[in-house]
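Results of the structural survey
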Amino acid sequence: MTPTVLVLNGPNLNLLGTREPEIYGRDTLKSIEAACKKRAKGLGLKVAFRQSNNEGDLVDWVQQASKKYQALIVNAGAYTHTSVALLDALLATDLPVVEVHLSNIHQRDEFRHHSYVSKAADGVICGLGGIGYELALEALACRLGTVEDA
Ligand code: CA2
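Residues numbered from 1 in each chain as written. Predicted model: local features only at pLDDT ≥ 70, side-chain atom pairs only at ≥ 80, totals over all residues. Heavy atoms only, no water.

Time to look at the site of the ligand. Close to the ligand lie 17 residues; N75, H81, L102, S103 and R112 are nearest. Between the ligand and N12, the relevant distance is 3.5 Å, taken from an oxygen atom to a main-chain nitrogen or oxygen of the residue. N75 is positioned with one of its side-chain polar atoms (N or O) 2.8 Å from an oxygen atom of the ligand. Its free accessible area being 510 Å², the ligand has 95% of it covered by the protein chains. Residues belonging to the shell around the ligand are distributed by class as follows: eight nonpolar, six polar and three charged. (Near = heavy atom within 4 Å. Polar contact = N/O pair within 3.5 Å; in protein donor to acceptor, adjacent residues only side chain to side chain. Areas by Shrake-Rupley, 256 points an atom, 1.4 Å probe, with all protein chains shown as cover. Nonpolar A, V, L, I, M, F, W, Y, C, P; charged D, E, K, R; others polar.)

Rendered as structure tokens:
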């Protein structure tokens, strides 16, 4: 069966492409999802995309993920910097986790420099815009063995 990667997106990421293009680029979440679906196909993967503005939804999705999915990509938005609940859920999953941010959080406000998610992530990609999600898929394809390591 083709492994499926669950891609979780946190608060305000539904607004992508509508405001602040100088920080987040011009991609919309829909266009990122479409690009990921295309890239996933070439990597022998499938993707399922979700977005919520509610912390509890993200926690629930992480808790249930291993029943249906083989890996996680997480852009937790602002919950990245605040959510111990999401960290605990991620620490409790056996799935590989890649954390993605569109912007380079280390070049931004001091409060964005710390990520709770990173403690539970196998890898972190930030600052590359929407392509970061596709690079995360590449890494997970190597991890899941659907492609040869580069
Ligand atoms: O760079 C990222 O991907 C972030 O996770 C995005 C979050 C931010 O709180 C993190 O520090 C870094 C915010 C997403 C908000 O996205 C918007 C997009 C367009 C207009 C307004 C917000």
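Together, L128, I131 and L135 make up a nonpolar patch on the protein surface, roughly 250 Å² of accessible area in all. Mapped onto the elements of the fold, L135 is located in helix 5 (residues 131-144). L135 gets classed as partly exposed once you look at its relative accessible area, which sits at 34%. (Patch = residues over 30% accessible without salt bridge, like charges linked within 9 Å, V, L, I, M, F, W, Y side chains within 5 Å. Salt bridge = Lys/Arg side-chain N within 4 Å of Asp/Glu carboxyl O. Helix = DSSP H or I, 4+ residues; strand = E, 2+ residues; numbered from the N terminus. Buried < 20%, exposed > 50% of the residue type's maximum accessible area, 1.4 Å probe, protein only.)

Another aspect to go through is the pairing of strand 1 (residues 4-9). In the case of a regular strand, side chains alternate between the two sheet surfaces. By the criterion of burial, strand 1 is predominantly enclosed, with six of the six residues buried. Of the two faces of strand 1, the one holding T4, L6 and L8 and the one holding V5, V7 and N9 are both buried throughout. Sheet topology places strand 1 next to strand 2 (residues 46-51); six bridges connect them, and they run parallel. What sits directly across from V7, in strand 2, is F49. Strand direction decides the pairing type here: strand 1 and strand 3 (residues 71-75), joined by five bridges, are parallel. (Pairing = 2+ DSSP bridges.)

This brings us to the nonpolar core. Ranked by size, the top nonpolar core spans 23 residues in total, and within it V5, I73, Y133 and L137 carry the most contacts. Those elements giving two or more residues to this core turn out to be strand 1, helix 2 (29-42), strand 2, strand 3, strand 4 (97-101) and helix 5. Looking at this core element by element, the count peaks at five residues for helix 5. Other than its neighbours up to four places away in sequence, I73 contacts V5, L6, V7, L8, V98, V100, Y133, A136, L137 and L140. Core analysis: the second largest hydrophobic core is formed by 22 residues, L8, Y79, L95 and A121 among them. (Core = buried A, V, L, I, M, F, W, Y, C linked by side-chain atoms within 4.5 Å. Contact = heavy atoms within 4.5 Å.)

What follows concerns the sheet that holds strand 5 (residues 123-126). One open sheet holds the five strands; their spatial order is 2-1-3-4-5, and the pairing between them is parallel. Here the strands that pair on one side only, and so sit at the sheet edges, are strand 2 and strand 5. Averaged over all pairs of adjacent strands, the angle between strand axes in this sheet comes to 20°, irrespective of strand direction. Sheet strands touched by helix 3 (residues 55-68): strand 1, strand 2 and strand 3. Its angle to strand 1, the strand with the most contacts, is close to 165°. In this fold helix 5 packs onto strand 1, strand 2, strand 3, strand 4 and strand 5, with an angle of close to 160° to the strand it touches most, strand 3. (Axes fitted to C-alpha atoms, helices over the stretch in contact; angles between N-to-C directions.)

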